[in-house]
Amino acid sequence: MNSDMSLLSVFETLSNWAPVVFIRDSKYGMPGVQSVHLTGLTVLLATVLVLDLRLAGLGMKEYELSWLARQLKPWTLGALTVVISSGLLIFLGTPEKYVASDPFRFKMALLCLAVLFHFNVLRRFTAAGSAARPRTVNVIVACLSLAFWFGVGWAGRAIAFVP
Amino acid sequence: MSLFEWCQWLQHTHFATAIAESDWLFPLIEGSHILALPLSVGMVVIIDLRLLGIAFCGGPGTNFVRNLMRWSSIGFAVMFLTGGLLLITQAGKAYGNAFFRSKLLFLLLLGINAAAYQKLFYPRMAQWDSAGGAPAGAKFCAAFSLVLWIGVIVCGRTMAYEF
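In this text, all values refer to a predicted model and were calculated from it rather than measured experimentally. (Residues numbered from 1 in each chain as written. Chains lettered and ligands numbered in written order. Predicted model: local features only at pLDDT ≥ 70, side-chain atom pairs only at ≥ 80, totals over all residues. Heavy atoms only, no water.)

Undergrad: Can you explain the overall build of chain B? Please cite residues and give values.
TA: A count of helical and extended segments in chain B gives 8 helices and 0 strands. Dimensions of chain B, computed from C-alpha atoms along their principal axes, come out at roughly 55 × 30 × 25 Å. Going through the 163 residues of chain B one by one, you find that 49% of them count as buried. Contacts in chain B between residues at least 24 apart in sequence constitute 76% of all its contacts with a sequence separation of at least 6. Roughly 8100 Å² of accessible area belongs to chain B as shown, and the carbon and sulfur atoms make up 70% of that amount. Treating the 10 positive side-chain charges of chain B as one cloud and the 7 negative ones as another, the clouds have centres 17 Å apart. (Helix = DSSP H or I, 4+ residues; strand = E, 2+ residues; numbered from the N terminus. Buried < 20%, exposed > 50% of the residue type's maximum accessible area, 1.4 Å probe, protein only. Contact = heavy atoms within 4.5 Å. Areas by Shrake-Rupley, 256 points an atom, 1.4 Å probe, with all protein chains shown as cover. Lys, Arg positive; Asp, Glu negative; His and termini not counted. Charge placed at Lys NZ, Arg CZ, Asp CG, Glu CD.)

Right, here's the structure in full:
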């Protein structure tokens, strides 16, 4: 048995777990979890947007970048937790559908990149006492961050539309 | 012609069917509608959290609201444009849908709530904000906004399951 197949059997076992079955089979289970996923996405990407727009110099200039970063961090982490846990429940509803979906695989790869970029590169660019950088560099970093995070969102939409 | 008949007529116009049957136009409009959530609703959530004294406190409050609302207005422009187009393609189905009707009602109430905040509390925000926090009425507006925006997301996501 190769590792892909054993992973799939783990997902299949988990997809028969009572809470997952309840969500899958009840009328408003899936729309409910999807709504939580979307609410989490709204808060997560809003915190990213505020930080990136400030980094790019498009407003909020009265507020220190490092202060904003510190204030936003718990909300980014909290919303990321909500999005990942609700996403896991959606995934376990029909794991075989997602495992076979190219946009889903792309979404997961992009999510890893977005998280790595956020907590390494962006964290350095928004840290207190970081040296002043040319605006062009800041704008490029902000654009990359937005491209990664919103790319995750678009890949998520593509799961529904790409056969 | 009743409103329902008009909705059905609208859904079957050449313009509406061209969007609905396009391989890429409908996904593009729907994706934009969902991914404009952080820029529109997300910014409002951040403002609400500050008014409630939960997060992002410190620094001048009127600037905070003005900056975020400027970005947010772009998000809401995208929302109403894409939402209007989506509605045209599904007007007949949306007409009698309880979740769609609830969403419209919530949006109407949110509009009234935002206008009330703008008229009653925003003009003197600089004073009460620096004096240590929002008056009870402003906090009520913020809490009302948070709850109803989540309601809009839930209704918007759930109505699509019924089409």
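Undergrad: Outline the packing of helix 3 (residues 29-55) of chain A against helix 8 (residues 136-161) of chain B, listing residues and values.
TA: Axis separation between helix 3 of chain A and helix 8 of chain B bottoms out at 9 Å; the angle between their running directions is 135°. Between helix 3 of chain A and helix 8 of chain B, the crossing angle belongs to the class labelled oblique. Pair helix 3 of chain A / helix 8 of chain B crosses with right-handed handedness. Counting all contacts with helix 3 of chain A, which are made through A:M30, A:P31, A:Q34, A:S35, A:L38, A:T39 and A:T42, the residues of helix 8 of chain B involved are B:I150, B:I153, B:V154, B:R157, B:T158 and B:Y161. Its residues assigned to classes, the contact of helix 3 of chain A with helix 8 of chain B comprises 7 nonpolar, 5 polar and 1 charged. (Axes fitted to C-alpha atoms, helices over the stretch in contact; angles between N-to-C directions. Parallel < 35°, antiparallel > 145°, perpendicular 65-115°, else oblique. Left-handed = near helix turned anticlockwise from the far one by under 90°. Nonpolar A, V, L, I, M, F, W, Y, C, P; charged D, E, K, R; others polar.)

Undergrad: So what about the interface of chain A and chain B? Which residues, and what values?
TA: Listed by partner, the interface residues are 32 residues for chain A and 39 residues for chain B. Where chain A meets chain B, there are 1 salt bridge. The tally of links from chain A across to chain B stands at 11 residue pairs in polar contact (both at pLDDT 80 or more). Among the secondary structure elements, those contributing two or more residues to the side of chain A that touches chain B are helix 3, helix 4 (65-93) and helix 7 (135-161) of chain A. Looking at the side of chain A that touches chain B, the element that brings in the most residues is helix 3 of chain A, giving 16 residues. Grouping the amino acids of the side of chain A that touches chain B by side-chain chemistry returns 20 nonpolar, 8 polar and 4 charged. (Salt bridge = Lys/Arg side-chain N within 4 Å of Asp/Glu carboxyl O. Polar contact = N/O pair within 3.5 Å; in protein donor to acceptor, adjacent residues only side chain to side chain.)

Undergrad: Can you explain helix 3 of chain A? Please cite residues and give values.
TA: One full turn of an α-helix is made of 3.6 residues, so residues set three or four places apart face in the same direction. Residue and element names in this part refer to chain A. Compared with the 39 Å implied by 1.5 Å per residue over 27 residues, the 39 Å span of helix 3 between its first and last C-alpha is a close match. Here helix 3 lies mainly inside the structure; 24 of its 27 residues are buried. Positive phi appears at G57, one or two residues downstream of helix 3, with a value of about 75°. (Expected span 1.5 Å × (residues − 1).)

Undergrad: Break down the nonpolar core for me, citing the residues and quoting the values.
TA: The biggest cluster of nonpolar side chains holds 70 residues, and the ones touching the most others in it are A:V50, B:L68 and B:Y117. Per element, the largest residue contribution to this core is 11 residues, and it comes from helix 3 of chain A. Look past the residues within four positions of B:Y117 in its chain and what remains in contact with it is B:L51, B:Y122, B:M125, B:W128, B:A138 and B:C141. In terms of nonpolar packing, the next biggest core, distinct from the first, is built from 10 residues, A:I23, A:V33, A:I90 and A:L92 among them. (Core = buried A, V, L, I, M, F, W, Y, C linked by side-chain atoms within 4.5 Å.)

Undergrad: Run through the pattern of salt bridges, naming residues and quoting values.
TA: Going through the model one piece at a time under the given rule, you end up with 2 salt bridges over all chains. Between A:R157 and B:E30 there is a salt bridge, and its shortest N-O distance comes to 2.5 Å. With A:R157 in helix 7 and B:E30 in helix 3 (residues 25-35), this pair bridges two chains. One exposure class covers both A:R157 and B:E30, and it is buried. With a shortest N-O distance of 2.8 Å, B:R50 and B:D129 are connected by a salt bridge. Note that B:R50 is positioned in helix 4 (residues 37-51) and B:D129 in helix 7 (residues 125-130), a separation of 79 residues in sequence. Overall, the relative accessible area of 7% leaves B:R50 in the buried class.

Undergrad: Which residues make up a nonpolar patch on the surface, and what values do they have?
TA: Residue and element names in this part refer to chain B. Together, M1, L3, W6 and W9 line one region of the surface with nonpolar side chains, adding up to about 520 Å² of accessible area. The residue W6 is located in helix 1 (residues 3-11) in this model. Exposure remark for W6: the relative accessible area of 39% places this residue in the partly exposed category. (Patch = residues over 30% accessible without salt bridge, like charges linked within 9 Å, V, L, I, M, F, W, Y side chains within 5 Å.)

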